[in-house]
Every structure is written in structure tokens, then in C-alpha cells.
Amino acid sequence: MSTTISEVAPEILEHAADPGEYEPVSVERRYEDPRATIDRDRSKHWFKRLFPILWVNKWPFSIAIGGMVLSMLFGVAVPALIGKAIDALPAAVTDGESSTLFTFLGILVTLATLRLVIGFFAMYQMSRVSNQLEGDLRSVIYNHLVTLSFSFYDRIQTGQVISRANSDIRAIQMFLMMSPMMLTSVLSFTFAAAYMASVSVTLTLAAMISTPIVYLLSMKLRKLMFPLSWLTQARQADVAVIVDENINGQRIVKSFAQEGNQLNLLARAAKQLQWVQVRSVDISALYNPLIENITVLGQVLVWIYGGWLVIDGQIQLGALVAFNMYIMMLQMPFRFLGMLLQMEQRARASAGRIFEILDEEPEVRDRDDTITLTHPKGHLKFDNVRFGYKDEQILRGLTFEVNAGETVAIVGRTGSGKSTIVRLLSRFYEIGDGAISIDDVDIRDLATKSLHYHVGQVLDEPFLFSVSIRDNIAYGKPDATMEEIIVAATAAQAHDFIMQTEDGYDTVVGERGYTLSGGQRQRLGIARALLLNPPILVLDDATSAIDVTVEKAIHEALLRLMENRTTILIAHRLSTISLADRVILLDEGMAVATGTHRELMASVPRYREVLAQQNRQIGEPEPDDAEQMDDESDGEYRRRIAAIVRSTPKPDDFPGGGAR
Amino acid sequence: MMGHGGGHWHGGGMKGRAGAGDLPFAGIPPEMLDRTNALMADEPDFGDIQIEFSHRVVDGEPFSLWTFLAPYKFRMLGSLALVALTEVLLLIGPYLIKVAIDDAIIPGDFDVLAMVGVIWVGSLLVAVVVSGFRIRYVGRLGQMLMYELRLRVFAHLQRLSLDFFTGEKAGRLMTRMTSDIEALSNLLQTGLINLVAQILSLIFIIGILLSFNVQLTMILLVIAAPVMLVLTHWFRSVSEKGYETVRNRIAEVLSDLQESLSGMRLVISFNRMKHNVINHRNIVGDYREANNYTAWISAFYNQSTQFVDVATTLIILIVGYFILIDVNPTLDPDGSFTVGALIAFTTLSARFFKPITALTGLYNEFQSGNAAVIKLRGLLETAPSVMEKSDAHDIEDMQGDIEIRNLSFAYDVGEPVLDNVSLHIPAGQSISFVGPTGAGKSTLAKLIARFYDPSLGEVLIDGHNLRDVTLHSLHNQLGVVPQEPFLFHGSIKDNLRFSRPEASDEEIMEACRTVGIDDMIDRLPEGLDTPCHERGSSLSSGERQLLALARAFLSRPRVLILDEATSNVDQQSESKIEHALDTLLEGRTAIIIAHRLATAMRADIIAVINNRGIMEIGSHDELVKQGSYYADMYETWRTQNEGSATV
Ligand SMILES: Nc1ncnc2c1ncn2[C@@H]1O[C@H](COP(=O)(O)OP(=O)(O)O)[C@@H](O)[C@H]1O
Ligand SMILES: Nc1ncnc2c1ncn2[C@@H]1O[C@H](COP(=O)(O)OP(=O)(O)O)[C@@H](O)[C@H]1O
Ligand SMILES: [Mg+2]
Ligand SMILES: [Mg+2]
């Protein structure tokens, strides 16, 4: 069947020699940490709170801005010079007086070259700063997320955090990087307007006349588009959610023949998406051509009115050409302003959402003078512990003890709080009242890292990462040797099936590990905990999908790996309970009875009830059903069930398949 | 102060039908909320959409851009005509500039100038109308096409069999329905049309330029155009690679974040924070480097094109100067080449670059659109491995007499999981499958539910070969509850009602009572409307299984298969469920797979599955008497029950 236990060599699984190793790291640091984080003061303006992250980049940032201003100045000079060159052209052609023309052209080449070099440098530098900022913000958020406690993760939705860590960071990044452009566009506006006014004030006004209209129209467009783009995003997300669930839950969809209904659901979402997108199309069909063509209208005005001025002898043709090129620069700041205002709104909202994460305080925190747990014996004590996730109390004065080296099973009904006990033991949540201690030290006085290191947990639904089997097992000890990994896998009776997979230990476990069967995943979860060979081990319904013989082998291996291990088993199966020295019965948030299985069977009716059929032997008379149906008489129960049966649809009731 | 905009941050706000619930309005700037709500109030209710769904694949031509667009070819031609018209209107301006300079400004003719102005403004008015109409027409057409494509792809996904979904990564399948359809939509709505538009505008521009001056146009085509082409081509190919890297790296950043978040409880309990922080920083750092690389390329391209622009103007001025000396030294406005033409030439040369750069970009868009077409065709051509026959009939009023005849099955060819299995389950009996993990118990259950077809042999229910019946009538009457309780996004009620959308609240509560989850629901402040947050992570694992069971009960199946569906449920609840099953399925059939012997033992028939087949079969007493595998199991169980747990 499986590899024999004698192959398991306990001495291979070594323990951390000093507490520094409680937090294993086996990855090389390739980039320095972010040099700043946000301002902790919540009352400050959002920009001020983010400022420190920007401030650490002050030098490259200032240099980039300086470069941008310079290259903008060169850019502003170009149309004027072209205009001058054009003015010098007729004389050059008719009189052969070409030196002025070529002087202007020479200056133009020089300026263009300088702009190329400086502009490139400034733009690149600016992007670097922006990328640095984005990366730092990502790291700051991640670094904060890992400090938060279970209670935070109970509340949040993963998808939302990811979108915060993505589109919200982008929104802030965009805004911060666009604002300097506002500066340069205002500057170039000023210079262009100054040049133009020096040529002709009235023509300048004519050139600017369309600007406010364009500005107002684009503001209006943006205002109209804003809710539309929100709704579009939301509708796209709706479609994505339906698709996602139908892919991941396809088995359930098929089991209940819901394909048609799901298709209708999607059709509805897709229609909603279509509706909002058509609305956007209609609005942009109205505004975009207007905005574009009114901009051109400014150009028309310049040519006609300017042409009149040229004929009148007030200005020269070259100046008119230059004007034509400046029209775009005149509009820049106005176009930018509208965009920037909207970006600010978005960035402010985004920053607010990011701060919401960063302002979360970890619920569980180390005290100032913590005790580091080393080589615990494993004497556990719950003393009058009260706890509830929300208002409702799950544990109501729970008191029990587990002696060092003892194996104890906790038995209780579904939802009675067994897994909760386990979570409290590792201090994943802060208890409301009472105390939990290990070797008579309150766990709140312990360094949590050292607590986690010594308390191993295997959960009923083991989460596997989509990395190789080997990396999954080595999750708590990433630098483990192959030998160690094999020992742990063998002890968990996982080695054999791992070797049967295509790439053995290098097989990558698919998303959520669904390429493996439930029992196989559970065994990987056990191997993962065993690799650390913890002196205190909790198996929370960790063998529910494993057959009895394999389960037994696992427990024998456990014994071999460590004598005097304190083990807590949570189980519904008698085969598992029988491995324990003692059983604790959990009911109504309290340990209502403790003793050996046999004692409890003999003396505690509630225990027999929870284990239901197990007290009934084949051949023995059936126990009274009423005893099992805790608060309902058997007759009532049967009547209710019968009612359901009667309401079963007649064969011609069900919505027919396609074949009719 | 700091815009904690409308945040439904803490989970809520997710009620409503699966998926199509409230908006994820978390963080919408509050000042915008009203308008968004007003917009939503305008949204029509599309609730009555009923789409015909059939498991049968409609035969048709293979999916391609051509077959997809063929039904709309006249509309496509209409859009093209509109696009051509817009392009012509755009080019009137530069031509009018030349006229203005040569025929009005230089000769000093106010009338001509006024006329140019009137014509120009008139052309702008026409342009507003035409391009407005074009945007509307093309946009609506595109949206309609997208809607149809979404339905078509989704309907096909629903038809595909389970093996397809285990074989393909969910993420990859998602992209078929999202980014691939979007790539195609871009191609249709902007790509194809733009392609034509840009080619047209290139032709028009060259035509106008040629009419100004042939030599100058040649210079532009021979010197400036190739430089721009090479530059743009370089940029496209390098940046495409660069952006590909960026996309891959951001995907890594996000998937690392995603996995860290879903596995955060493990991260905490295994003290992986330090490791993960460094690891994440490395991934983010790599992403940043990739971004810096593309920033370098874009900055260079951006500045060089500006430089080429100015340089081209310079060249045109210089060459134009020599041409003027050559052909029109007196600067006669009626000459073959004029100052006006030269100036118009410089303005047009900037326009000339636009189609060139756009075309290289469009080439990429075309390629990714085409790749999307190929992928979608691949998906749409995948035939479901479990096919419904064209003359399939409904199973009416299923009684649950299940017969398996000489069945063999393998997931992968050459590795049979079940070999020549025969089994008869009379209607109304309960049977339990026991045996070691990996023996094929779940596989047999999946074959009975026709999630797969057997390689050899057949499965019959009430005498109907499953290959001959409609999938809808089969699955409507046969429920399967797997070990992993999959909960959908939405409330508890939505999840329960999933199996029978028309069920009333009373019926739902009844089902909850039957599995014994009613008191938990009563305790929840929002009761049945409590959202199933993150697939039910705030429920205990047993509670999730109970919900899945209640969902199955609500669908009133005539045959029920429980595949380790109560593995995390306590014995008392389990016994209650079985009790309910006894009554609920009276006269019907139940198949129960369980590791708990106490559960298995209660069935009328017990089948031990091992070594690719049924090793033993019979009632509990018979098998115990027979004294082999099952008897051993039972013996172990009995000793545990009696003798163990003594210290
Ligand atoms: N993260 C959570 N947030 C809120 N309630 C929870 C959470 N986890 C469990 N509960 C509730 O607490 C009760 C006890 O859960 P648990 O300890 O998992 O039970 P079990 O004894 O089945 O392991 C259940 O009613 C469950 O719904
Ligand atoms: N989707 C699948 N693709 C390939 N092999 C599979 C798949 N599902 C199960 N198997 C393999 O088929 C065998 C039987 O699996 P299963 O029926 O799930 O066993 P059981 O339910 O008895 O534990 C196992 O060896 C398993 O690895
Ligand atoms: Mg639990
Ligand atoms: Mg199975």
C-alpha cells in the first residue's frame, strides 16, 4: 500500500536552533524596500498623506520637471522660427538674399536637436519616478496586508483589494504624473500667448475664441461620460462574475440543469452592458465631432481674419503660419485642466480607498516585552474563554486543559466552534474574555511568530498554492531539503501518489489544487505541517476525505516522528476519535464533558447524541428516533418530510428539455 | 475629508441575483453618486430575456471574421462609405489653406478669402453631422455584434462537458469571454474601419501633395516616409515585446497578490510574512524594470517623431526654396509652384505621418484581433464530449432503476479507472460505494450522472440508455452533491434557490430545516439574505456542506448522489439528513459515497469498489458473512467502537 513507516527518519526533520529562524526566508532580496510610507495622520489631506512617497524621489522628480520645462521652451520657439523662416523666404527667392533664411533654419536644427535630447531625458526620468512610485505603493500595501489579522480577511473581498491595489494605484500615479504636465502646458500657453500678442492682439483673441467653448463642451462630455464609464465597468464586472462562476461552478450548473437559466442571466447582463455602451456611443457621437470641429473653427478664424490682416499689411504671412501652429498650444491648458480636475477626483477617491487598507490596524499585535516560546512541552490551557466573531458568542466560558504529550479529540456539532478553538490557540483572533496559555504562559505574552512556529495546524479544506507540490509542502520552511520534504510526505502517506503524478514533486498543483482529489489535498496539507514537526499539532477534520487505513498509517507515522507531541484532533469519525487519549465534548460554547470515549459513551447522553449512529450496533434494536431529533417529536418530523414529498413536481411539471 | 467614497468596502452590497447584483460602487466620488444612480434609474429592465438553450450544437460554418460579419455585410459597407466621406472632409482644410494664400492673401483679394471661409465652415458643419452619424452607426453595430458573440460563446461553454472544464485553466477560459471578445470588438469597431480610413486618407493626402508639387512629394516619400516607417516599425516591434513583458509581470504581481490574499491564513500561520514580502518586492521590482524599459522606448520614440516632424518641415522649406528659385523665381501666385503651396505642404506633411504611424499600429491590432478569432474558433469548434443526440428523448417521471452494463472508463487512454463493471440498482434502493481513495467511486457516480460517457458499455436509467436521453430531463431529476460545496456569489437564498429558481421562501426554509441548518440561519441577523462572502468563508466547512445539501433537496431530485457530501458534518446532523433522505426519497434511489462506515452501513446495498471494479456487493449482513474486504473494514470499525478510546 504505502511506504512503510520505518523509512521515516525522525531525526531528519530538524528544528530551528534559534528564534531568528522562526521566520524562514529563502529568497534573495533583489530590490531595496520602499524608502517611505504614507503619513499616518488621518486628518491630513490625501495628497499630504501620500507626499512622503513622492518626496523620497525629489531629486529625479525635480530634474525631470526642469528638463520638461526646458524642452517645452524649445518647443514653443519652433513655430515662431518657422514663421520667421517663411517670412525670409520670398526675399531669399527673389533677391538671392538667403543668409537670414538659413540662419533661422540653422537655429531651428539646433533647437530641435536640443529638444530631442533633453525631452527624451526628462520624459524618461519622469516615467522612472512614476514607476518607482507605483512600485513603492504596491509594496507598501502588500507589506501592510501581511501584518493584518484574520478578522480583516473575514471582512474583505479579495477582488476588491486587488482592484484597489491595481486601478486605484494607477489613478493616483496618473494624477501625480499629469500634474507637472499642467505646469508645462500653462508655461507654454503663456509664452505662446505672449508671442502671439506681440504680433497681433486681436488675432490672438480670435485664435482663442473657440477655446472656452471647447473647454465647456469637453467638461460637459466628461460629466456625462463619467457615470456611463462607471456603469460600463460595473456591467463588465457583472458579465465577468457570471462567466467566472459558471466556469468554476460548472459542475453544479450541470447537476441542476441550470444551463438555460444561466444563459438568460448572462444575456441580461450582456444586454445591460450593451445598453450602457450604446448610450456612451450616442453621447460621444454628439459631442466628439462638435469638439473636434470647433477646434478647427479656431483655425479657420485665424486663417481668414489673419489673411485679412496680412492683406491689410498689419502682419506677415510667416506669423500667420506660426499662429496656426500655436493654436494647439493655446488649448492645451484648458484641455488639461478639465482632465486634471477629473483625475483629481478619481485620485482622491482612490487614495481614500487605499488609505482604508493602510489605516487598518492589526487586531492581534505583539506586546512590547514578549516572551519567545522555545521548546514548549505543550501543556495547553483554556480558562473561561469567551469569544464571538461578531455579536454572537460562539464560545461562552470554555475551560479545558490538555496535558503535555497528550492526544485529545474535540467533539461537537457542526458550527459548535471546534475550528474556532483552534484559531484562538494560534491567536489568530483576540479572545473576548478569559485566557489561553501554553506551558502556563498566556499566549498574549508570547511572540506570535514563536507561537505560530510551535503550533502546527492542518485545516479541513487545505488551501494549496498553484506552485509545485514540493513548494507547497515546503511552505513553512522554504529552504527545506528534498530529503526533509520526502520524509514529511511519506509520513503523511502522500509520497506514493506524488510519485505517480507526472512530474513527481515538481508537479504544479492547479488552481486551488483541484487537479487532486480531496483526500490527496488533505494529505499534502498534513505533510506541509509535518515538515516543521511542531510539538503542538492540531488536525482539524484533516482526514475527513481519507480512508480509515491510510488515516491510521498517518497517525502511526506521527507518533514515530515525535514522542510527547501534544495533539488536538477534531473529528466526526470514530476511527479518528479512537486515536485520542481523551475526548472533550463541546456544546453551547463550553466543554461540557471530558473523559475517555468509553466513559463518555457510558455516562454522557449528549455525547451519544452527537455521535448519533455510532452508539447503535447492527443487530441491536434501533434507538428511539426521537432521541436524535433533538427538539422535535418523531411524528412531527415525519409529517414535515411527507409534506415535501407530496410537493414533488409531477413529471409533466418540469420545464421540458429541448427535445419536445 | 478624504473621500471614503460610498464604500461598500466591508463585504455588503452584494445581494441580488448571482452576478447581476448591485454595483461595485465602492469609492465612487460621492459627488458623482447621484448621477450614476440617475443613470441606473434609466436602465430598462431586461429581466424577461429568454434565450433558447439547447445542448445540441448547431451546425454552421466555422467561426471566422468573414462568417461572423457576412450577415452584416451591407451595414459594414455603409460604415466604410461614411468613413471615406469623413476622411475627405478632413482634407478640405489644408487644400483651402493653399487657395487662401495663393488666391486671396498674396493677390490681396478679400472676396476669395471670404468665400474660402464660407466653404471651410460649411465643410465643418457637414463633418460634424457625418462623423456624428458615423460614430453612432458603427458603434451600435459593433455593440450588437458583441452582444451576439457573448451569447454564442457562453452558450457553447454551457454545452461543453465537464472534462473540458477540468482540462482548461479557469483563467484561460475567462479570457475567451473577456479579453478575446474585447480584442475582436476593438478590431471591428475601430481596427477594420480605421484601417480603411487611414489607407484612404494616405491616398488622398498623397494626391493633394502631388497636385502641389511632384518633386517635393517624392522627397517626402523617399526621405521622410522611410525614416518614419523604420522608426515606427522599430518602436512597434520593440515596444510590443516590452509591453508583453509588462503584461506578464503585472499578471505575476496580481496573481501573487491574489494568492497571498486567498492564502493569507496560511501565510500567517506559517510565518511566511518576511519571505513573502521580499518575494513580492522582487516581483514588483521586476515589473517596475519592465515598465522602465518601455518608458525608455516610448520617450525615445515620442521625442524622435517630434524631431522628424521638425526636420521634415526644414527639408521641405529648403527643397521648396530651391524649387521656387528654379521654377518660379518671381513668386507669381499663379505659377506652377507657389509659396501658398509650400506652406500648405508643410501643414499637410504633418498629417501625412499620421496614417503611416497609425497603420503600423493597426497591423498589431489586426493581429491580436485575428488571434482572438482563432482562439474563439478553437473554442466554438470544440465539441462537447458528452453529446446530446438529435433524436434524444426526455426521461419522464424518473423512477431510478439504474443499470450499468459492462462499463469501462478511462480519463486518459490506457489508464482505465473502471474496467467491465456491471451493477443493477433497483428503483427505490439506496446503495453505498465504499473503498479506498482513488478507487473510482466518484468516477462511477459521474458516469451515472452522465458527466462523462463510458468508453465501453452503457448506463441505463429506467431502461433508457443515457446516451439517448436529453441532458436536461436527466439532470433535472438527478441531483449530485460533491464533496466541495461550491457557493455562488450572492446571498444564501440565491444559493439555495439555484437548483430551483421558482422556489418560495417557505420551501427554502423547509429544505434548511431538513438538513438542520435552520437554526444557524435564524441566528444570522440578515437570515437567508446573508451574503455568501468569498464563497462562504465565514461559515464553518460543515455548514457549507449542509447548504449544498439543502440546495440539492430543494430541487426535489428523484435520484440523489451524495459524493462524500457530509464528510465535514457531525454525526448527529448526518443521521438527521439520512433520515430525511429515507423519507424524501421513498420509492426512489440514493447513491451514497462515504468514508464513514456508520453512514455506508445503512444503505440497502453496499458495493466495495477497488481494483477498477466492484469487488464485493451485497447487503451489510451478507458482506459481513462473506468475510472479506468489507468484513475487515467492519471489524476494525467495531473494535474501535467498543474497545478503543480507553487510556
Ligand atoms: N470567520 C468567521 N466569521 C463569522 N462567523 C464565523 C467565522 N468562522 C466561523 N463562524 C461561525 O462560527 C460558528 C463556529 O464555527 P466553527 O468553529 O468553524 O465550527 P466547527 O465546530 O464546525 O468547526 C459557526 O456558526 C460559523 O458560522
Ligand atoms: N478529471 C480527472 N482526470 C484524470 N484523472 C482523474 C480525474 N478525476 C479522477 N481521476 C483519477 O481517477 C481515479 C479515480 O478517481 P475517483 O473516482 O475520484 O476516486 P474516488 O472517488 O474513489 O476517491 C484516481 O486515480 C484519480 O486520480
Ligand atoms: Mg470546523
Ligand atoms: Mg471521490
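Residues numbered from 1 in each chain as written. Chains lettered and ligands numbered in written order. Predicted model: local features only at pLDDT ≥ 70, side-chain atom pairs only at ≥ 80, totals over all residues. Heavy atoms only, no water.

Draft legend 1. Quick look at the overall build of chain B. A tally of regular secondary structure across chain B gives 20 helices and 10 strands. In terms of its C-alpha atoms, chain B occupies a principal-axis envelope of roughly 120 × 60 × 50 Å. The buried share of chain B, reckoned over its 647 residues, is 58%. Roughly 25,300 Å² of accessible area belongs to chain B as shown, and the carbon and sulfur atoms make up 56% of that amount. For chain B, the distance from the average position of its 52 positive side-chain charges to the average position of its 75 negative side-chain charges is 3 Å. (Helix = DSSP H or I, 4+ residues; strand = E, 2+ residues; numbered from the N terminus. Buried < 20%, exposed > 50% of the residue type's maximum accessible area, 1.4 Å probe, protein only. Areas by Shrake-Rupley, 256 points an atom, 1.4 Å probe, with all protein chains shown as cover. Lys, Arg positive; Asp, Glu negative; His and termini not counted. Charge placed at Lys NZ, Arg CZ, Asp CG, Glu CD.)

Draft legend 2. Quick peek at the site of ligand 1. Around ligand 1 sit 18 residues, and of these G415(A), K418(A), S419(A), T420(A) and E543(B) come closest. The environment of ligand 1 is shared, with nearby residues belonging to chains A and B. Here an oxygen atom of ligand 1 and a backbone polar atom of K418(A) are 2.8 Å apart. In this structure, an oxygen atom belonging to ligand 1 sits 2.6 Å away from a side-chain N or O atom of S419(A). Against a free-state accessible area of 560 Å², the protein chains account for coverage of 92% of ligand 1. (Near = heavy atom within 4 Å. Polar contact = N/O pair within 3.5 Å; in protein donor to acceptor, adjacent residues only side chain to side chain.)

Draft legend 3. Seen up close, the site of ligand 2. All names here are of chain B. Around ligand 2, the structure places Y411, V417, P436, T437, G438, A439, G440, K441, S442, T443 and Y452. A distance of 3.2 Å is found between an oxygen atom of ligand 2 and a backbone nitrogen or oxygen belonging to A439. In the environment of ligand 2, an oxygen atom lies 2.9 Å from a nitrogen or oxygen atom belonging to the backbone of G440. Protein contacts shield 69% of the accessible area of ligand 2, which totals 560 Å² for the unbound molecule. With three residues, the single largest contributor to the shell around ligand 2 is helix α11 (residues 441-448).

Draft legend 4. Spotlight on the sheet that holds strand β5 (residues 441-442) of chain A. Residues and elements named next belong to chain A. Read from one edge of the open sheet, four strands run β2-β1-β4-β5, paired in antiparallel fashion. Only two strands of the sheet have a single neighbouring strand rather than two, namely β2 (395-402) and β5. Summarising the sheet, strand β1 (residues 380-387) and β2 pair through six bridges and their orientation is antiparallel. For F382, the partnering residue across the bridge sits in β2 and is F400. Contacting β1, β2 and β4 (433-438), helix α11 (residues 418-425) runs over the sheet at an angle of about 115 degrees to β1. (Pairing = 2+ DSSP bridges. Contact = heavy atoms within 4.5 Å. Axes fitted to C-alpha atoms, helices over the stretch in contact; angles between N-to-C directions.)

Draft legend 5. A look at the domain arrangement of chain A. Considered domain by domain, chain A is made up of domain 1 (46-358) and domain 2 (404-416 + 461-577 + 590-653). With centres defined by C-alpha atoms, the gap from domain 1 of chain A to domain 2 of chain A works out at 58 Å. (Domains from an automatic or database assignment.)

Draft legend 6. Broad picture of the interface of chain B and chain A. The interface of chain B with chain A comprises 230 residues on the first partner and 228 residues on the second. Taking both sides of the interface into account, the surface hidden between chain B and chain A amounts to around 21,700 Å²; carbon and sulfur atoms contribute 63%. At the junction of chain B with chain A, the criterion picks out 12 salt bridges. We note a salt bridge from D286(B) to R30(A), for which the minimum N-O separation is 2.9 Å. The interface formed by chain B and chain A contains 49 residue pairs in polar contact (both at pLDDT 80 or more). (Buried area = accessible area lost by both parts, 1.4 Å probe. Salt bridge = Lys/Arg side-chain N within 4 Å of Asp/Glu carboxyl O.)

Draft legend 7. Region of the structure containing the pattern of salt bridges. A complete count under the given rule lists 51 salt bridges over all chains for this structure. The salt bridge involving D39(A) is made with K44(A); its shortest N-O contact spans 2.6 Å. The salt bridge involving R405(B) is made with E458(B); its shortest N-O contact spans 3.2 Å. With R405(B) in strand β1 (residues 402-410) and E458(B) in strand β4 (residues 456-461), this residue pair connects regions lying 53 residues apart in the sequence. Overall, the relative accessible area of 33% leaves R405(B) in the partly exposed class.

Draft legend 8. A look at the pairing of β4(B). Residue and element names in this part refer to chain B. Across five bridges, the pairing between β1 and β4 is antiparallel. If you follow R405 over to β4, its bridge partner there is E458. Of the pairings in the sheet, the one linking β4 to strand β5 (residues 464-465) comprises two bridges and is antiparallel in character. Of the residues in β5, the one forming a bridge with I461 is H464.

Draft legend 9. Layout of the packing of aromatic side chains. All chains considered together, the criterion is met by 40 aromatic pairs over all chains. Where F102(A) meets Y321(B), the ring centres are 5.7 Å apart and the plane angle is 80 degrees; that geometry is what we call edge-to-face. Of the two residues, F102(A) sits in helix α3 (residues 99-145) while Y321(B) sits in helix α9 (residues 273-327), which places them in two different chains. A relative accessible area of 33% places F102(A) in the partly exposed class. Since its relative accessible area comes to 5%, Y321(B) is described here as buried. Judged by centre distance (4.4 Å) and plane angle (10 degrees), the rings of F465(A) and Y475(A) are stacked. (Phe/Tyr/Trp six-rings, centres within 6.5 Å; stacked < 30°, edge-to-face > 60°.)

Draft legend 10. Spatial organisation of the sheet that holds β5(B). Residue and element names in this part refer to chain B. The strand order β2-β1-β4-β5 describes an open sheet built from four strands, whose pairing is antiparallel. Whereas interior strands pair on both sides, the edge strands pair on one side only; in this sheet they are β2 (416-425) and β5. Those strands touched by α11 are β1, β2 and β4, and its axis lies near 120 degrees from that of β1.

Draft legend 11. Layout of the confidence of the model for chain A. Across chain A, pLDDT averages 84, with 90% of residues at or above 70. β1(A) holds the highest mean pLDDT among the elements of chain A, 96, whereas helix α21 (residues 625-628) of chain A holds the lowest, 36. (pLDDT = per-residue confidence, 0-100.)

Draft legend 12. Structural detail: the packing of helix α9 (residues 259-311) of chain A against helix α4 (residues 110-159) of chain B. One way to put it is that α9(A) packs onto α4(B) with a least axis distance of 8 Å and a crossing angle of 165 degrees. On the basis of their axis angle, the class for α9(A) and α4(B) is roughly antiparallel. Considering only the axes of α9(A) and α4(B), their crossing is right-handed. Here the contact of α9(A) with α4(B) is built from residues that sort into 31 nonpolar, 13 polar and six charged. (Parallel < 35°, antiparallel > 145°, perpendicular 65-115°, else oblique. Left-handed = near helix turned anticlockwise from the far one by under 90°. Nonpolar A, V, L, I, M, F, W, Y, C, P; charged D, E, K, R; others polar.)

Draft legend 13. Up close: the packing of helix α2 (residues 58-95) of chain A against helix α10 (residues 317-358) of chain A. All names here are of chain A. Two elements in contact, α2 and α10, have axes whose closest approach is 6 Å; the angle formed by their N-to-C orientations is 160 degrees. Viewed along their axes, α2 and α10 adopt a mutual orientation that is roughly antiparallel. Handedness of the crossing formed by α2 with α10: right-handed. The segment α2 lies against α10, with G75, V76, A77, P79, A80, I82, G83, I86 and D87 engaging L317, G318, A319, V321, A322, M325, Y326 and M329. For the contact of α2 with α10, the per-class residue count stands at 13 nonpolar, three polar and one charged.

Draft legend 14. View of helix α7 (residues 210-248) of chain A. Taking 1.5 Å as the rise per residue, α7(A) with 39 residues should run 57 Å; its terminal C-alpha atoms sit 55 Å apart, in good agreement. Along α7(A), the sharpest kink reaches roughly 30 degrees, centred on M225(A) and followed within four residues by the proline P227(A). (Expected span 1.5 Å × (residues − 1). Bend = angle between axes of the 7 residues up to and from the residue.)

Draft legend 15. Quick peek at the environment of Y607(A). All names here are of chain A. Residue placement: Y607 occurs in helix α20 (residues 605-610). What makes Y607 buried here is its relative accessible area of 0%. Taking the C-alpha atoms as reference points, Y607 and H597, 10 residues apart in sequence, are found 9.1 Å from one another. Every residue in contact with Y607, bar those within four places of it in the chain, is listed here: V411, I577, V583, L585, H597, L600 and M601.

Draft legend 16. Quick peek at the side chain of T305(B). Residue and element names in this part refer to chain B. Secondary-structure assignment places T305 in helix α9. T305 sits in the buried class, given a relative accessible area of 15%. Not counting residues up to four positions away in its chain, the partners in contact with T305 are M228 and L231.

Draft legend 17. Representation of the nonpolar core within the structure. With 96 residues, the main nonpolar core has L145(A), F382(A), L424(A), L425(A) and I438(A) as its most contacted residues. Those residues in contact with F382(A), other than ones at most four positions away along the chain, are L398(A), T399(A), F400(A), I421(A), L424(A), L425(A), A435(A) and I436(A). (Core = buried A, V, L, I, M, F, W, Y, C linked by side-chain atoms within 4.5 Å.)

Draft legend 18. Seen up close, a negative patch on the surface. A cluster of like negative charges, contributed by D471(A), E502(A), D503(A), D506(A), D412(B) and E415(B), occupies part of the molecular surface. Residue classification places D503(A) among the partly exposed positions, given a relative accessible area of 48%. (Patch = residues over 30% accessible without salt bridge, like charges linked within 9 Å, V, L, I, M, F, W, Y side chains within 5 Å.)

Draft legend 19. Quick peek at the state of the cysteines. Residue and element names in this part refer to chain B. Tallying each qualifying case throughout the model produces zero disulfides over all chains. Summary of cysteine pairing: C512 is not part of a disulfide, and the nearest cysteine sulfur, belonging to C532, is at 11 Å. Taking the relative accessible area as the measure of exposure, C532 reaches 6% and is therefore buried. (Disulfide = S-S within 2.5 Å.)

Draft legend 20. Region of interest: the pairing of strand β8 (residues 589-593) of chain B. All names here are of chain B. Burial within β8 is extensive, with five of its five residues counted as buried. Residues T589, I591 and I593 of β8 are buried on one face, and the alternating residues A590 and I592, pointing to the opposite face, are buried as well. Summarising the sheet, strand β3 (residues 430-434) and β8 pair through four bridges and their orientation is parallel. Its bridge partner being in β8, S430 is matched across the sheet by A590. By the bridge criterion, five bridges tie strand β7 (residues 559-563) to β8 in an arrangement that is parallel.

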